[in-house]
Amino acid sequence: MELLALRSLFLLGVVLAPLCAFMVLATWGLFARSLSERVIAGVVKTASLIAAGSLGGLLTLILFHGESSYVERYHSWFSFGAHHFTISFSINPLSLSFLVLTTVLSGLVARFSRTYIHLEEGFTRFYLLLLLATFGMTLVVVADSLGLTVMGWEFLGISSTLLIAFFHNRRIPVINGLRTFVVYRTADIGLLLVLLYIHKVFGTTELGRFIHEGEGFAGTFDGTPWNALIIGLLFFLSASGKSSTLPFFPWLPGAMEGPTPSSAIFYGAFAVHAGPYLFLQQSAIVSASPVLSWILVVVGLLSAGLATLAGRVRADIKTSLAYATIAQVSLIYVEIGLHWYYLAAFHTAGHMCLRTYQFLRAPSALHDLHVRSVLGVAARERTGIYDKLVPYPVQVWLYRLALEQGGVLALYQRILVQPFLRAARVCSRFEEVCDRYLDRASGRGGGGDHTSSELPTSIARSNS
Amino acid sequence: MVVHPHGGLEEALKELRHLLPVQGPIDTFIHHNTLHSFEHLSFEEGVEHAAQIYGARPYISEEQYRRLYFEGRIVAEDIDAELAPYLVQDVQIFPSKLTRNALRRSLIYLGVGEEEGSVSRWKHSESRLHLRRDLSARKRSALIQETRQWILEMHGAGEQDTLAHIVSEAPTSASVSSIQLANFIQESDSTPDGECAADAITAALLWQAASASTERIQIGASPLVVHHADAIREIVGIDIFEEVHPLLIQLCSTFIDQGVSHWPMPGRERGFLVAVQDLFTQRGIPSSPWIKRAERLFGEIQPAAIGAREALIACLKRLGVPPDLHGDFVTAGALKLKGWAGFFALLESKPSVARDRPVKASLEDLLAVQNLLLVASIEEIGSCHEIHDIALPALQIREQQRTRTRFVRGQRQRMARFLFEIAQIGGLSPKALTHGGELLAKALLGEEESFCGLVRQRIWQLAYERASIRSAVGAFANHSPTEGACRPPGAQVVFCIDEREESFRRHLEEISPTTDTFGYPGFFNLPLAYRGIHHLHAEALCPVVMEPSIFVVERDARSHEGRRDNMFRRFLGAVSRELQALTRTPIGGSIVSTMIGHFALVPFFLRVLRPSLAGRVHDAFHTPEIRESDFKISLGGGSRNEDDLTKTIAQGLSVLFQTIGIASSVAPVVVIMGHGSSSLNNPHESAHDCGACGGKRGSPSARLFARFANDPKIRNQMESFGVRLPSASYVVGAYHDTCDDTVVVFDEHLIPEKHRTSVDLLIKACREASARNARERSRRFLTSRRDLSPESAAEALVRRAEDFSEPRPEYGHATNGIAFIGRRTRTRGLFLDRRAFLSSYDPTQDQEGKVLQALLAAVVPVCAGINLEYYFSRVDSMNYGAGTKLPHNIVGQIGVMDGAMSDLRTGLPWQMVEIHEPVRLVMVVESSVETLTSVLSRLPRVKALVDKRWLWLIAFSPEGSDFSLYSDGRFEPYAPSRGELPKIVDSLSYCIHSSEPLPFASVVGATSTSV
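Residues numbered from 1 in each chain as written. Chains lettered and ligands numbered in written order. Predicted model: local features only at pLDDT ≥ 70, side-chain atom pairs only at ≥ 80, totals over all residues. Heavy atoms only, no water.

Undergrad: Is there a simple way to explain the overall build of chain B in this structure?
TA: When helices and strands are tallied, chain B shows 39 helices and 22 strands. A principal-axis box enclosing the C-alpha atoms of chain B has dimensions of 105 × 80 × 60 Å. Per-residue burial for chain B yields a buried fraction of 60% across its 1011 residues. Long-range contacts, defined as pairs at least 24 residues apart, comprise 74% of the intrachain contacts of chain B with a sequence gap of at least 6. As displayed, chain B has an accessible area near 38700 Å², and 54% of this comes from carbon and sulfur atoms. (Helix = DSSP H or I, 4+ residues; strand = E, 2+ residues; numbered from the N terminus. Buried < 20%, exposed > 50% of the residue type's maximum accessible area, 1.4 Å probe, protein only. Contact = heavy atoms within 4.5 Å. Areas by Shrake-Rupley, 256 points an atom, 1.4 Å probe, with all protein chains shown as cover.)

Written out as structure tokens, the structure reads:
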């Protein structure tokens, strides 16, 4: 019994450590004028160690206690009628291994950033967002009820957006941050709709009530294939937004504006792999719907192809890594669609470790090149077969297609953005007409007198 | 910005080539004056003119100068001296209150708000209006008192409501109740709240008076924009450069790419314009409307067929740019992308820069493509936003109409702001300002114009440099020279002149008093083209102004076993290259990440938590350890004539011995110490290498020098040049890594038995000195601990060099500011705080100045280049420097961008220059005025640089201690400040407790032991 209490305490430690550190720093930062780097690093280090220690304890207990899949219920947050919103975490081999990865990677990146961000304006901001992201990812990993997943998902999203715009005195990072934000918000509709849908169909938001875990990935789903398809598609809408695959192709390269460690943790590990993880955890849904499986395979292949194509023509390290990341994540979706869950899980975990490290090492490319050239290892052109097999005109055509990223963005612009803008313009004209009519009706002559004041406040307002 | 009044495109293009930054691939970083093309102007004119063209800062901000003043780095005495020419005629501005000189003085010492545009507006609208915080209590209370009296005069005590209205009308003032107002007038509230209200009321009335007095001033028209982009930004709120440049940057980067992208751009060997035209005439690719338009445009104009120049002109015609603006228009566009454009221009003049993937680049091609895309984008915006006439004159007029009100309001507000501040520091009350009216306002504003920020900054900068010159000369004048010649030296160590070696040399001499150290440019007078055993290319190891004349290929002299070892390393290198490449392919990437991706955690853990261990592991597998090798040496043109070779080399070596003045007094052991730097995750790694070796490591030069100097044949030959190396002397090559402060000795196996003990002793001293040097360097790193011992500091620096999360592996040349050319006896035991390049030169053995001439020709461009590059990158990190390192992204193996996509960032990153003090180099040459003058007249390039004051030149007489400062074409006697230098026992205990710049000092311990 005591062991059980200890076990739930450890789990709580892992999940709450980043949140507590966030709260401590945020409140402290509100009252103190500025926090010293030493203090911030100390708090973050403590949190990481607590999380790692608790995780170690948890793993030991699970190893000796024997039970590796269970649901830890903490507290019923609120309930009305027959509906309960409980804070409950689901522990199984998959979530445990990703919990380990999340804790380890975020700990390493936090340590890395201690020296990397040193003396930079926004040191505090960086760590606050990193902690928030860690907390978000942890929630996504262990959440049992979809409500908690959504919460974690949003934390992850907002911290990622703000870190892209970390250097907010330049325009481009802010623009790219905003773009990512729009993608996230649109994609997040998927998860919210799933929440509504399952609530309507199954009367609960706890996935465990209708998805029964089996040994490994052999879970069962209570609903019809039709239910599974709808849930799966909505999941995919959200997941693809985070992983920058089709249909949300591709905001990821633009997200490389933040400092190197934030690019590494988000686009090497957390943000892009949250989607595949969601599907792996709910693999029963995929298994239950052949149509969904096929959609995953086809869309995944398409995205992988597009990302590879677009990545071929990038001459900078970070975005070419970003496209490679999209391609890998897309292939993970393909593996999930083919029901190769074990492979997909291994692929995801391996890719997280590898990519995070590669992103962090990106500024070393020249050093590596130098080391290799001292060793006498020449750079090698990789176009041998391609050059021979593909005729020159086709090469040029493909190159151009790659530059346009397969034309996806242009298509969206034509199908979605332009009609939307046109509608907005019509609305704005309509408003103008109404305004003028109302002005005339109320007898007020000419507008614009609100700008006549010479006061700086109004100048600032009118300029903004 | 008008660069060329005649507008000619031809001229503009020629001039543009000078305006663009010339920076080659950053893996061989060569320091040069960022404003090299402005060297025909004097320093002040040059930086100010350039600032106007690039929209950059010429000097640091007044606020930063003022901070330096409070820190004591700038002193009042110097400011007054520089201010004096501006205080010649005094004029009453406001009778009995304010004179012009007083105003100018307060403008310097107190300053007015410097924020520009949006920042000032934001501050003004978001913060409460209050009096300046730095106002003295006396001035403040006088101002408040006068305001109070004025209120009484004007309104009587009764009309508080009107007043309350005025006060609350003022921008973002504190809301003041009529009770507070009454209290203010009756002086009945002395609580902090009351004080605060008094402050707010005074400020509000002052602001009111200030803005009232600007109301009548006529505001002229705003300058006409020269580019469509500026007009369109105002009219529709879209920045067309932001639309066009992402595509253009991608085209540029893949075009010049030297090995990052999988697919090189097709047709790159036929030129940029041709390749881009090929791409843009492809059909059936969905793209955004403006790109579709660009496709049509490429079809219509056929730029590749008519040539870049014609295409450019066609674009200008299409955009309706009047012929007299052609030049300005193209220049404005090109400067928006100056990094890339500069690289294209460089490639055009030096195609060999593209080593791995040859390209045919041309600046005009780039400009043609840029303008073609601009045309497409502008026309698209024109049709979307119903702008029918996109000709530039029409847009200019529209822009002016549209921004007129805002411009006028902005100008008025700026003036009001100035008056508001100036009234406070000048002690003018609201009453005075109101009474003075427009006339006073105009007088004050006239002062703002004639004594503008630029003038004030120039005064500050000159005052700053006066202090720098005084402290340098003072140190040399007041340091008592040691009599080095009175004892035979036990050993001699020749370093590079690099200012980072100053501290190393000092520590070595403190440890081993019988050792003499010398400074000579780090290629040691061997202009090598060197190719190491495995190197893919030969590298030129000499200053960029020279051509290599000795060609060396290294060969492995080892047994079969050694070769197998090297094969193994080579194999590992190839595997790591293939793995890196595989992870970027879909299938290979899947296999790698699934199978071995998890193992990335191992190096990840090591690198983050145990950097030095990770470094050792990496070295064990990757760094070739070549102990035994021999060299194939030839002269230019492949000549291998033994005699010529011996002669050339012997001459080269002799010059070094003669220059540093030991031609006839060579010690039993001579060490030649090359230097370089190695650090991780640092794209600018090569900027820390040896400047005299063309931005590369100086190890081969040192190693070969030693080999040559020990060769009996070459020694014999050297005698004919007047240098006698006794057979009892032995020369050793060594290498100092300035990042981790380690010392490597080359060819230890060749050292003869009889020299081994003395060499070992000396190397031991060097290692100890490098540890102390490490300790001295750590004082500037804020993250390093304060209580380190030299040994642990050295360990920490090794860790720092291997730590891939460290953006400041070393501070490089930061803090450089002095160059001393003369005998070491003059500077031995002088703590120069790693600020001084030290070049050894014995004036007593060089009556005609021939040696000096050769030395100055090499030393001045290198030192001034480094100094000025640091100056500009420090002064304006955004424009001249590369900004912060954190978002840097390596592109095409040749440079860095910010984040996913930006202009190519040239210059130095902020993390390298943050502790640098931006002052011009003070070069002190130990030589008589006559000799130096005649040497200068023989070196026109150096003379021009000195004449235009891009560095300060001072002659230091070899006999006594008289100094002469070069100014306006001749040397003027310069009186150093006489006074004792701080006496210190050893440099470590003096410096390690502070992380700030320290005053120069005499090390007493080191000099007294030499007796």
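From this point, things continue past the structure.
Undergrad: Can you help me understand the side chain of A:Thr319 in this one?
TA: Positionally, A:Thr319 belongs in helix α11 (residues 317-337). Beyond its immediate stretch of four places on either side in the chain, A:Thr319 contacts A:Pro253, A:Met256, A:Arg314, B:Asn889 and B:Ala900.

Undergrad: When you look at helix α8 (residues 260-281) of chain A in this model, what are you seeing that I'm missing?
TA: Within an α-helix, residues lying three or four positions from one another point in the same direction, as the helix has 3.6 residues per turn. With 22 residues, α8(A) should cover 32 Å at 1.5 Å per step; its first-to-last C-alpha distance of 30 Å lies within 8% of that length. Maximum bend of α8(A): about 50 degrees, positioned at A:Ala274, with proline A:Pro276 one to four residues after it. (Expected span 1.5 Å × (residues − 1). Bend = angle between axes of the 7 residues up to and from the residue.)

Undergrad: Even after reading the chapter, I still don't get the sheet that holds strand β21 (residues 983-984) of chain B, so can you show me in this structure?
TA: Strand pairing in a sheet relies on backbone hydrogen bonds. The paired strands run either parallel or antiparallel. All names here are of chain B. As summarised here, the arrangement of the three strands in space is β13-β22-β21, forming an open sheet in which the pairing is mixed. Looking at strand neighbours, the two that pair on one side only are β13 (830-831) and β21, the edges of this open sheet. Here two bridges tie β13 to strand β22 (residues 1001-1003), and the two strands are oriented antiparallel to one another. Counterpart to phenylalanine 831 in the pairing with β22 is alanine 1001. (Pairing = 2+ DSSP bridges.)

Undergrad: Explanation requested: the pattern of salt bridges in the structure shown.
TA: Pairing between side chains of opposite charge can happen when the charged atoms of each approach one another. Tallying each qualifying case throughout the model produces 74 salt bridges over all chains. Residues A:Arg114 and A:Glu37 are paired through a salt bridge, measuring 3.5 Å at the closest nitrogen-oxygen approach. Of this pair, A:Arg114 sits in helix α3 (residues 93-116) while A:Glu37 is found in helix α2 (residues 37-65), placing the two residues 77 residues apart along the sequence. Note on A:Arg114: relative accessible area 21%, which makes it partly exposed. Linking B:Arg270 and B:Asp278 is a salt bridge whose minimum nitrogen-to-oxygen distance equals 3.1 Å. Overall, B:Arg270 belongs to the partly exposed group, its relative accessible area being 39%. One network of salt bridges, with partners in common, ties together A:Arg400, A:Glu404, B:Arg283, B:Lys292 and B:Glu295. (Salt bridge = Lys/Arg side-chain N within 4 Å of Asp/Glu carboxyl O.)

Undergrad: Even after reading the chapter, I still don't get the packing of aromatic side chains, so can you show me in this structure?
TA: The way to describe two aromatic rings as a pair is by their centre distance and the angle between their planes. With the rule as written, the count across this model stands at 48 aromatic pairs over all chains. On the basis of an interplanar angle of 85 degrees and a centroid distance of 5.2 Å, the ring pair of A:Phe236 and A:Tyr333 is categorised as edge-to-face. Here A:Phe236, found in helix α7 (residues 225-243), pairs with A:Tyr333, found in helix α11; they are 97 residues apart in sequence, far enough to count as distant. Grouping residues by exposure puts A:Phe236 and A:Tyr333 together as buried. Joined through ring pairs, the aromatic side chains of B:Phe38, B:Phe43, B:Tyr54, B:Tyr871, B:Phe872, B:Tyr880 and B:Trp950 make up one cluster. Cation over ring: A:Lys242 sits above A:Tyr184, and NZ or CZ is 4.0 Å from the ring centre. Directly above the ring of B:Phe280 sits A:Arg400, whose terminal nitrogen or CZ lies 4.6 Å from the centroid. (Phe/Tyr/Trp six-rings, centres within 6.5 Å; stacked < 30°, edge-to-face > 60°. Lys NZ or Arg CZ within 6 Å of the ring centre and 35° of its normal.)

Undergrad: When you look at the interface of chain A and chain B in this model, what are you seeing that I'm missing?
TA: Many descriptions give the size of an interface as the accessible area lost when the pieces come together. Facing the 104 residues of chain A at the interface are 109 residues of chain B. The tally of links between chain A and chain B comes to three salt bridges. The partner of A:Arg400 in a salt bridge is B:Glu295, with the nearest N and O atoms 2.7 Å apart. Across the chain A-chain B interface, the total number found is 33 residue pairs in polar contact (both at pLDDT 80 or more). (Polar contact = N/O pair within 3.5 Å; in protein donor to acceptor, adjacent residues only side chain to side chain.)

Undergrad: I keep staring at unusual backbone geometry and nothing clicks. Help me out?
TA: Glycine aside, negative phi is the norm for most residues, and most peptide bonds take the trans geometry. Here A:Leu246 and A:Pro247 are connected by a cis peptide whose omega angle stands at 0 degrees. By secondary structure assignment, the location of A:Pro247 is in the loop between α7 and α8. With a phi close to 50 degrees, B:Phe524 is a non-glycine residue in the positive phi region. Mapped onto the elements, B:Phe524 comes out in the loop between β4 (515-519) and β5 (528-531). Of note in this structure, B:Gln893 is not a glycine but carries a positive phi near 65 degrees. As for its position among the elements, B:Gln893 is in the loop between β15 (888-891) and β16 (895-898).

Undergrad: Got a minute to help me understand the sheet that holds β4(B) in this structure?
TA: All names here are of chain B. On the basis of which strands lie adjacent, the open sheet formed by five strands has the order β4-β3-β9-β10-β11 and mixed pairing. Looking at strand neighbours, the two that pair on one side only are β4 and β11 (742-745), the edges of this open sheet. Each adjacent strand pair in this sheet contributes to an overall mean axis angle of 25 degrees, direction not counted. With four bridges joining them, strand β3 (residues 491-495) and strand β9 (residues 669-676) adopt parallel strand pairing. Looking at the pairing, glutamine 492 lines up with valine 670 of β9. Here helix α29 (residues 699-709) sits on the sheet in contact with β9 and β10 (730-737), set at roughly 175 degrees to β10. (Axes fitted to C-alpha atoms, helices over the stretch in contact; angles between N-to-C directions.)

Undergrad: Looking at this structure, I do not really get the side chain of A:Arg355. What am I missing?
TA: Mapped onto the elements, A:Arg355 comes out in helix α12 (residues 341-361). At 12 Å, A:Glu335 is the nearest oppositely charged side chain to A:Arg355, a buried residue that forms no salt bridge. In this structure, A:Arg355 is in contact with A:Gly268, A:Leu321, A:Ala324, A:Thr325, A:Gln328 and B:Thr583, ignoring residues within four places of it in sequence. (Lys, Arg positive; Asp, Glu negative; His and termini not counted.)

Undergrad: Honestly, the packing of helix α17 (residues 326-335) of chain B against helix α19 (residues 363-384) of chain B in this entry has me stumped. Any pointers?
TA: Residue and element names in this part refer to chain B. Axis separation between α17 and α19 bottoms out at 10 Å; the angle between their running directions is 95 degrees. Between α17 and α19, the crossing angle belongs to the class labelled roughly perpendicular. Side by side, α17 and α19 meet where Phe329, Val330, Gly333 and Ala334 of the first sit next to Leu367, Gln370 and Asn371 of the second. Counted by class, the contact of α17 with α19 contains four nonpolar, three polar and no charged residues. (Parallel < 35°, antiparallel > 145°, perpendicular 65-115°, else oblique. Nonpolar A, V, L, I, M, F, W, Y, C, P; charged D, E, K, R; others polar.)

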